[in-house]
Structures are given as C-alpha cells and as structure tokens.
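Each chain, written out:
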Amino acid sequence: MNGIGGREVHINLHTPKDPARGRLIEKTKLVEKKSPHHTWHLVYDISGARFAGRYLAGQSLGVIPPGVDEEGRPHKLRLYSVASPWFGEDGEGKTVAFCVKREIDEHWYRPGLHIGVCSNYLCNMQVGEEALLTGPSGNRFLLPEDPNAHRYVFIATGTGIAPFRGFLLELERAGYSGDAPWLFFGVPYSTDILYDSFFRERAEAGRLRYHLAISREGRTRAGKRPYVQEVMREAIGDVGPVLRDPRTLVYLCGLKGMETGIYEVLGEAAPDLLERHPKTGAPLPRKGRVFVEVY
Ligand code: NAP
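What you are looking at is a predicted structure, and each value in this text was computed from that prediction instead of being measured. (Residues numbered from 1 in each chain as written. Predicted model: local features only at pLDDT ≥ 70, side-chain atom pairs only at ≥ 80, totals over all residues. Heavy atoms only, no water.)

**Quick notes on the packing of aromatic side chains**
Applying the stated criterion to the full structure yields 19 aromatic pairs. Consider the rings of F185 and F199, whose centres lie 6.4 Å apart with planes at 65°: the pair is edge-to-face. Residue F185 is located in strand β10 (residues 182-187), and its partner F199 is located in helix α3 (residues 196-204); the two are separated by 14 residues in the primary sequence. A relative accessible area of 0% means that F185 is categorised as buried. For the ring pair Y251 and F291, a centre distance of 4.8 Å and an interplane angle of 20° mean the geometry is stacked. You can see Y251 sitting in strand β12 (residues 248-254) and its partner F291 sitting in strand β15 (residues 290-294), a full 40 residues away along the chain. Considered together, Y251 and F291 belong to a single accessibility category, that of buried residues. A cation sits over an aromatic face here: R7 above W86, 3.6 Å from the ring centre. The ring of W40 has K27 lying over it, and the distance from NZ or CZ to the ring centre is 4.6 Å. (Phe/Tyr/Trp six-rings, centres within 6.5 Å; stacked < 30°, edge-to-face > 60°. Helix = DSSP H or I, 4+ residues; strand = E, 2+ residues; numbered from the N terminus. Buried < 20%, exposed > 50% of the residue type's maximum accessible area, 1.4 Å probe, protein only. Lys NZ or Arg CZ within 6 Å of the ring centre and 35° of its normal.)

**Side note on the side chain of R289**
Examined against the element boundaries, R289 turns out to sit in the loop between β14 (283-285) and β15. Despite its burial, R289 remains without a salt bridge, the nearest opposite charge being carried by D272 at 5.8 Å. Discounting residues that sit within four places of it in the chain, R289 has contacts with L243, D245, P246, T248, L249, V250 and L273. (Lys, Arg positive; Asp, Glu negative; His and termini not counted. Salt bridge = Lys/Arg side-chain N within 4 Å of Asp/Glu carboxyl O. Contact = heavy atoms within 4.5 Å.)

**Considerations on the site of the ligand**
Surrounding the ligand, one finds 22 residues, the nearest of these being S81, S215, R216, R225 and Y227. Contact between the ligand and P188: an oxygen atom at 3.2 Å from a main-chain N or O atom of the residue. Contact with the protein chains covers 79% of the free accessible surface of the ligand, which is 930 Å². If you list the elements that add at least two residues to the shell around the ligand, you get β10, β12 and β15. For the shell around the ligand, the class distribution of residues is 8 nonpolar, 10 polar and 4 charged. (Near = heavy atom within 4 Å. Polar contact = N/O pair within 3.5 Å; in protein donor to acceptor, adjacent residues only side chain to side chain. Areas by Shrake-Rupley, 256 points an atom, 1.4 Å probe, with all protein chains shown as cover. Nonpolar A, V, L, I, M, F, W, Y, C, P; charged D, E, K, R; others polar.)

**Observations regarding helix α2 (residues 162-173)**
The end-to-end C-alpha separation of α2 is 17 Å, in line with the 16 Å expected for 12 residues at 1.5 Å each. Most of α2 sits out of view: 10 of its 12 residues are buried. Within α2, the full set of buried residues consists of A162, P163, F164, R165, G166, F167, L168, L169, E170 and L171. Looking one or two places after α2, you find G175, whose phi comes out positive at around 75°. (Expected span 1.5 Å × (residues − 1).)

**With respect to a nonpolar patch on the surface**
Together, L77, L79 and Y295 make up an exposed nonpolar region whose accessible area comes to about 330 Å². In this structure, L77 sits in the loop between β3 (60-64) and β4 (78-81). (Patch = residues over 30% accessible without salt bridge, like charges linked within 9 Å, V, L, I, M, F, W, Y side chains within 5 Å.)

Now the structure itself:
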C-alpha cells in the first residue's frame, strides 16, 4: 500500500527501545488569549531521525514522556497525529509539527486535579529541549495514491484537525486540481479555532469549503447545538451530492462521540458510505470510502 503520489508508507522506524530525538524549534499558541483552553503548535527538528521525510499526514508519532507512573514504571508512549505534511514545516520533512492541547481536568469520580502526563510535558517544553519520539504508526488514515481521482470531505473535532492541515498541504504539493475539499470543524468556542487563518485563506481563495461548528455559541437554524453533524446537515443541499459521488472519500478525526451523529447524517444523505454490522446491524464506515481516527 502506498500513500499520496506513491510514497511508501513507513511504520515503526523508531521503536521505544530505539527512539529518535526531536528538538523543539518553534512553539506557538493556537487558541486566543481569552480561551479557557491551551493548545499549542509544536515544531520539532527531526533531521537526525530515520522518519525524517518518511512520515505522512494522517500518521502518528509516539512521544515518550520522561519519568515514571504511579507504579514506578517508566511512562508509556502517547501517540500524536502529525499536523504537518510529509515534507514537514521546512519543505523537506526534516521537521514535524504536533497540535497539542493541555489536558487539565477535575473528575467528579476521583478527587483532585487530573493533569495529563504527556500533553503537559509537551506544552511545558521550551525551545531547544529534546523529546524522545517513535513511529511513525498508522497505515489506514492516509490520502489516496492518486489524489486527483477523488473528492474529499474532512470532518474534525478539536485537535482532530491535525491531519487535515497536513492533508491540505499534501494535496497542494501533489498538484490536486479537483474541486475544493470540504472541511467541517467543531470547537467549543470561537476562541478555540485551531489554524483558522490557514483554513480561511484557502476558503477565501476558493480552495476549501470551510464550515465551523462552534458548539457552545448559538444554535443551528433547526435550534440544535451546532455540533459538526448538525452543521453538515444544514449544508446537506450542497455537500449531499458530493457525498453521493462514488469518487468521494470521507475522513473523520477527533472525538469518538461524533461518530454516531455523523453516521446518521451519512446514512440519510449517502447510505452507500455505510455498511451494516453483520450481527447488530449497527452502521459502520464503508471500507475504502470512510476513514476514521477517533479517541
Ligand atoms: P475540543 O476542543 O473539546 O473540541 C471538541 C468539539 O467537539 C467540541 O466543540 C465539543 O462540543 C464537540 N463534541 C462533543 N461531543 C460531540 C459529539 N457527540 N458529536 C459532535 N461533536 C461533539 O476537543 P479536544 O479536547 O481537542 O479533543 C479532541 C479529541 O480528538 C481528543 O479525544 C483527542 O484524543 C482526539 N484526537 C484524535 C486524533 C486521532 O485520532 N489521531 C488526533 C487528534 C485528536 P462540547 O464540548 O461543547 O460538547
């Protein structure tokens, strides 16, 4: 199986026993000052790694946070989707970016503050410091080998936007000449829109159909909370024919919770995009047409 333009899909060029070193070279806050969230665009120099220039948007790299867990064992690696295209932020793949949100929470079933180990480690890093990286991993959530043979509908929630930034840059580098991809992007507040100017620029140039779903502000015309599936439903007159086109590929990345709602919309507008679970009859994404990366 190959990635965009026939690029080879590499897996596990660095393992936890033999990790690569990535040096943080750029750190930019992606959310506005007023946002209650803290999400960063982090760029690492990976020029010494075997995966330099050999990862693809849609894949993940592992990060091994330093220190030990509650049982005294070294922390396990955590996976982060790359936010870069295969050629990185530098044009050659010697760098890679991640989009990381600090995980800080208070769980009602467990007293005290829950502080995500790896996300806070990464967001606390200072430029010049090094992280241990593994991977790449993932060979399913990738752009097709021949990008011009398809149309695209991308659906993201929160940091699930990462691969779509990379996908758009990879499509552009590959000389994609088809109609503008669709992007439905859900965030809680308008202060939390990640990479907004990147997407807006492309939308204004007619190269992206960009639809935001700002869940905690306003209502849809039908009086619903503006989740991605509801915003998609409102645009169904335009996006429906695209979904029904057998060339169209649909990609979903972000919160697992959005799957049900999205499958409802796909089932109504383009039932061919779904299969049925042989026993339960539950809707499943059709292989080769709908690609899903959710947690
Ligand atoms: P976030 O900023 O909280 O944004 C998520 C948005 O989705 C919010 O607007 C939220 O609305 C909305 N939402 C909640 N439940 C929904 C549902 N059932 N249907 C549709 N929309 C729903 O997101 P985040 O904290 O960055 O989390 C992103 C998730 O993506 C994480 O779980 C992360 O692990 C995952 N992720 C996965 C990958 C991957 O698979 N490769 C990559 C990156 C991120 P309300 O909060 O207003 O309810």
